[in-house]
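Residues per chain, in single letters:
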Amino acid sequence: MAEIQIKNIAKNFGSYQALHDINLTIADQEFMVLLGASGCGKSTLLRIIAGLETATTGEVWIGGRRVDHLSPKDRGISMVFQNYAVFPHLTVFENIGFGLRMQKLPDDEVTRRVERTAGLMHIDQLLKRYSGELSGGQRQRVAVARALAMEPDVILMDEPLSNLDALLRLEMRAELKGVLADSKTTAIYVTHDQVEAMSLADRISVMHQGRIVQAATPIEVYRNPAAEFVAGFIGNPPMNFLPATPSGDGKWQVAGQVLDGPTSRSAPLQFAVRPEDIRPADSGLTATAKVVEPLGAHLLVTCEVEGTMFRAVLDSDLTVHVGDQLTLAPQPDRIRWFDPETTLAVA
Amino acid sequence: MTDAVADLPADTGASRKAGQFLYGASVVLLCAWVIVPLYFLLLNTLSSPEEVNSFPKSFLPHFDLGSLTFFANFQGILRALWNSVLVAAMTMVMSIVIGAPAGYALSRFEFRGKEAFRLLILLTRAFPLPLLALPLAVLFIRTGLDDTAFGLALVHTTLAIPFAVLITFSLFSGIPIELEEAAWTLGCTRFTAFTKVVLPLILPGITASAIFAFVISWNEVFAAAVLTIENRTLPAFLLQTLGEAPLHLKFAGGFILVVPALIFIFAVRKYLFAMWGIANR
Ligand SMILES: Nc1ncnc2c1ncn2[C@@H]1O[C@H](COP(=O)(O)OP(=O)(O)OP(=O)(O)O)[C@@H](O)[C@H]1O
Ligand SMILES: [Mg+2]
């Protein structure tokens, strides 16, 4: 049982504040992904949980125990590093068994656990090799096996796949998901790759400038972004935005069209819709096609709507030429609204 | 790093040839600068006394071992050799035991005055030993350290420490901090992570740095001559006894001193380059 609670964590590097008042609870056996652009503080937060960095203020609780004053070895965690950190002077076997030897487990227990985790990661053939004799993908497997062999309460991973090539990344992603689900460990996984985040996570915490903007299931983050930042960050291509002015009674004026929207607001809002939630129709937004990209499965059309860039993912059967006038209708139940003042979503 | 050079537009053939010639000539000249004197030293050591003083010289030695045999049987030389080894060994151990932790701190921790500290370490070498010799001698006599191998080793250690710190600093900086962090998450304390992960990885480099300290002590003559009387090291002993000796014996004495240093430089040349890398930074 290892629920993780992060309470009011803040971190300053000198005068620079890398983390602002982070609060997050990660359930036992949950797979939590920290997602955000480079420099938003993901690694810092992970390292604070691991004990490799000290928070300026705040508390970390793992399994009902306050751990922020403990050293990394006493927190019941193990960690997978971006550059693998496989010990070059030890064989694969000794690497995987390193933590077990530190616990002074008997030899046969070490051998049993090393062989089991090596089997899980499909590296049982490599146990006698040194890290210099391994490929990047194999090293990554050793690093994961080494963390799993500890049978930790919590496994922390900092962009573990980012040094692998695209194909290998896809393969390892699926494998990791399976292995971690079976191991019943709580996992925190840092990445800036939203596809990786969507595919792995039970929940995603989207981070921006040292704050958690939204922590929710992948589909929730995708469908109901809590803030403009999330809407513009998640999804490829990201959400479209257009300014909307109220015309009373829950009616909103968007690029010459009148749409149903929130009834509670009287100040201008941002209208937002995903490119894949747009269909050509008889009535709708008038758009001029600027760039047409056939992507095989879809047709990605970048248009201009009243001077604002607007993307639509359309059926690949359609024929669209640059300069064509399109009439595009957003799917009503997929429209989202954001307050331009607070950038937060409006119901 | 220097790959960018390859992207430059190709030179004209003629100017490239001239450049290559100049480069080659400089290399030959530099090598000659070092090798020719060493060769004459060897030549004269292996020559009979008459040949040493004659002119012109033959360019091939006659393998007359007379001078070397003379030294082998010379009174006190074995004692001096033993003292040299003893002092150098103590210097080696002390400079690593003190220097390596400093190198580790420099590479791993941020602290106030870090740059100044690095500079200060080098500045210790700027202090001329002759200036220190008299106060040191007085101090040593008062504390009873004069004329002891340990006392001399202390002085040699201060000479060797800057190099020990800088070499180990470069070694530690070459070990990714993630390796240590991984060890910490796998159940190590700072200390056990150091002994189980960092130490095995830098041991070859530490060895080189230790041998370097050894040679610094081996070659040091001033402090040795001032601070010891009975327990002279080899260089101080030779300096004292060869002052009035015939030329052929001086050559042989010089040869005995040079050879260990040469062997050492050859053995650790890789680490010397690493050290120069720092000096350029
Ligand atoms: N030791 C440090 N000293 C000073 N500033 C730091 C330190 N470590 C991180 N920072 C700063 O804190 C911020 C967050 O860094 P962090 O490494 O957590 O980002 P990240 O989200 O992991 O980014 P990336 O995706 O590039 O790894 C950055 O602006 C970084 O410059
Ligand atoms: Mg990072």
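Not measured: the values here are computed from a predicted model. (Residues numbered from 1 in each chain as written. Chains lettered and ligands numbered in written order. Predicted model: local features only at pLDDT ≥ 70, side-chain atom pairs only at ≥ 80, totals over all residues. Heavy atoms only, no water.)

Residues and elements named next belong to chain A. In the vicinity of ligand 1, the residues found are Phe13, Tyr16, Ala18, Ala37, Ser38, Gly39, Cys40, Gly41, Lys42, Ser43, Thr44 and Glu159. Between an oxygen atom of ligand 1 and a main-chain N or O atom of Cys40, the distance comes to 3.2 Å. The contact in question runs from an oxygen atom of ligand 1 to an N or O atom on the side chain of Thr44, over 2.5 Å. Relative to its unbound accessible surface of 640 Å², ligand 1 loses 60% to contact with the protein. For the shell around ligand 1, the secondary-structure elements that each account for two or more residues are β2 (16-26) and α1 (42-50). If you tally residues by element for the shell around ligand 1, the top one is α1, at three residues. When the residues that make up the shell around ligand 1 are grouped by side-chain class, the tally is five nonpolar, five polar and two charged. (Near = heavy atom within 4 Å. Polar contact = N/O pair within 3.5 Å; in protein donor to acceptor, adjacent residues only side chain to side chain. Areas by Shrake-Rupley, 256 points an atom, 1.4 Å probe, with all protein chains shown as cover. Helix = DSSP H or I, 4+ residues; strand = E, 2+ residues; numbered from the N terminus. Nonpolar A, V, L, I, M, F, W, Y, C, P; charged D, E, K, R; others polar.)

Right, let's talk about helix α6 (residues 114-123) of chain B for a bit. Residues and elements named next belong to chain B. Residues of α6 that are buried include every one of Lys114, Arg118 and Ile121, and no others. Seen end-on, α6 carries its buried residues on one side only, within an arc spanning 60°. What points out from α6, more than 90 degrees from its buried face, is the exposed set Glu115, Leu119 and Leu120. (Buried < 20%, exposed > 50% of the residue type's maximum accessible area, 1.4 Å probe, protein only. Arc of directions from axis to C-beta.)

Right, let's talk about empty space enclosed by the protein for a bit. Residues and elements named next belong to chain B. Using the criterion set out here, one finds one cavity of 30 Å³ or more in the structure. If you add up the space inside the largest cavity, you get close to 30 Å³. Lining of the largest cavity is provided by Leu129, Leu132, Ala133, Leu136, Ala223 and Leu227. Listed by contribution, the elements that provide at least two residues to the lining of the largest cavity are α7 (129-143) and α11 (222-227). Ranked by residues supplied to the lining of the largest cavity, first place goes to α7 with four residues. Its residues assigned to classes, the lining of the largest cavity shows six nonpolar, no polar and no charged. (1 Å grid on protein atoms, 1.4 Å probe; cavity = no way out; pocket = protein on both sides within 12 Å on 5 of 7 lines; lining within 4 Å. Points joined across faces, edges and corners; volume = space filled by probe spheres on them.)

Every contact between the two is made by 16 residues of chain B and, on the other side, 18 residues of chain A. Taken together, the two surfaces of chain B and chain A that pack against each other cover about 1,600 Å², and 77% of this comes from carbon and sulfur. When the area that chain B buries against chain A is broken down by residue, the three leading residues are Glu181(B), Thr185(B) and Leu186(B), summing to 40%. At the junction of chain B with chain A, the criterion picks out one salt bridge. The salt bridge involving Arg47(A) is made with Glu181(B); its shortest N-O contact spans 2.8 Å. Here chain B and chain A share two residue pairs in polar contact (both at pLDDT 80 or more) between them. For the side of chain B that touches chain A, the secondary-structure elements that each account for two or more residues are α9 (177-185) and α10 (190-219) of chain B. When residues of the side of chain B that touches chain A are assigned to their parent elements, the largest contribution, seven residues, is made by α9(B). Grouping the amino acids of the side of chain B that touches chain A by side-chain chemistry returns nine nonpolar, four polar and three charged. (Contact = heavy atoms within 4.5 Å. Buried area = accessible area lost by both parts, 1.4 Å probe. Salt bridge = Lys/Arg side-chain N within 4 Å of Asp/Glu carboxyl O.)

Here we take up the pattern of salt bridges. Residue and element names in this part refer to chain A. Under the counting rule described, the total for this entry stands at 20 salt bridges over all chains. Here Arg265 ties to Asp339 by a salt bridge, and the two come within 3.0 Å at their closest N and O atoms. With Arg265 in the loop between β13 (257-260) and β14 (269-273) and Asp339 in the loop between β19 (336-338) and β20 (345-346), this pair connects stretches of sequence that are 74 residues apart. One salt-bridge network, in which partners are shared between bridges, spans Glu109, Arg112, Arg113, Arg116 and Glu151.

Picture the strands of a sheet paired through backbone hydrogen bonds; they go either parallel or antiparallel. Residues and elements named next belong to chain A. Taken in spatial order, the six strands line up as β13-β12-β11-β14-β19-β20 in an open sheet, and their pairing is antiparallel. Pairing within the sheet leaves two strands with one partner each, and these edge strands are β13 and β20. As defined by bridge partners, β19 adjoins β20 across two bridges and the pair is classed as antiparallel. If you follow Phe338 over to β20, its bridge partner there is Ala345. (Pairing = 2+ DSSP bridges.)

Moving on, we get to the sheet that holds strand β4 (residues 57-62) of chain A. Residues and elements named next belong to chain A. Here we have four strands laid out as an open sheet, ordered β2-β1-β4-β5, and antiparallel in their pairing. Since the sheet does not close on itself, it has two edges, and those belong to β2 and β5 (65-66), each with one partner. Of the strand pairs in this sheet, β4 and β5 are connected by two bridges, and their pairing is antiparallel. Counted as the bridge partner of Trp61 is Arg66 from β5. Taken strand by strand, α1 contacts β1 (4-13), β2 and β4, and its axis lies near 120° from that of β1. (Axes fitted to C-alpha atoms, helices over the stretch in contact; angles between N-to-C directions.)

Let us now look at the domain arrangement of chain A. Note on interface size: it is often stated as the accessible area lost on association of the parts. Residues and elements named next belong to chain A. The domain architecture assigned to chain A consists of domain 1 (4-233) and domain 2 (240-346). Facing ten residues of domain 1, the contacting portion of domain 2 comprises 13 residues. Regarding the contact of domain 1 and domain 2, the summed buried area is about 960 Å², with carbon and sulfur atoms giving 45% of it. Considering only the surface of domain 1 that becomes buried against domain 2, Tyr222, Arg223 and Glu228 emerge as the three largest contributors, covering 59% of it. The salt bridge partner of Asp277 is Arg223, with a shortest N-O separation of 4.0 Å. The tally of links between domain 1 and domain 2 comes to six residue pairs in polar contact (both at pLDDT 80 or more). Mapped by element, the contributors of at least two residues to the side of domain 1 that touches domain 2 are α7 (218-223) and α8 (228-233). For the side of domain 1 that touches domain 2, a count of residues per class yields six nonpolar, two polar and two charged. (Domains from an automatic or database assignment.)

Attention shifts here to a nonpolar patch on the surface. On the surface, Leu78(B), Leu81(B), Trp82(B) and Val85(B) cluster together to form a nonpolar patch covering roughly 390 Å² of accessible area. Within the secondary structure layout, Trp82(B) lies in helix α5 (residues 77-108). (Patch = residues over 30% accessible without salt bridge, like charges linked within 9 Å, V, L, I, M, F, W, Y side chains within 5 Å.)

Right, let's get into the pairing of strand β10 (residues 211-216) of chain A. Residues and elements named next belong to chain A. Two strands pair when backbone bridges link them, and strand β9 (residues 203-208) and β10 are joined in this way by five bridges, in the antiparallel orientation. Residue pairing for β10: Ile204 is matched across the bridge by Ala216. Linking β9 to β10, which pair antiparallel, is a turn of two residues; within it Gln209 sits at a positive phi near 50°.

This part is about unusual backbone geometry. Residue and element names in this part refer to chain A. Pro237 follows Asn236 through a cis peptide bond whose omega is 0°. Take Pro237: it is sitting in the loop between α8 and β11 (240-246). Positive phi, close to 40°, is recorded for Asp21, a residue that is not glycine. Relative to the helices and strands, Asp21 resides in strand β2. Unlike most non-glycine residues, Gln209 shows phi in positive territory, near 50°. Relative to the helices and strands, Gln209 is located in the loop between β9 and β10. You can call Gln209 exposed: its relative accessible area is 56%.

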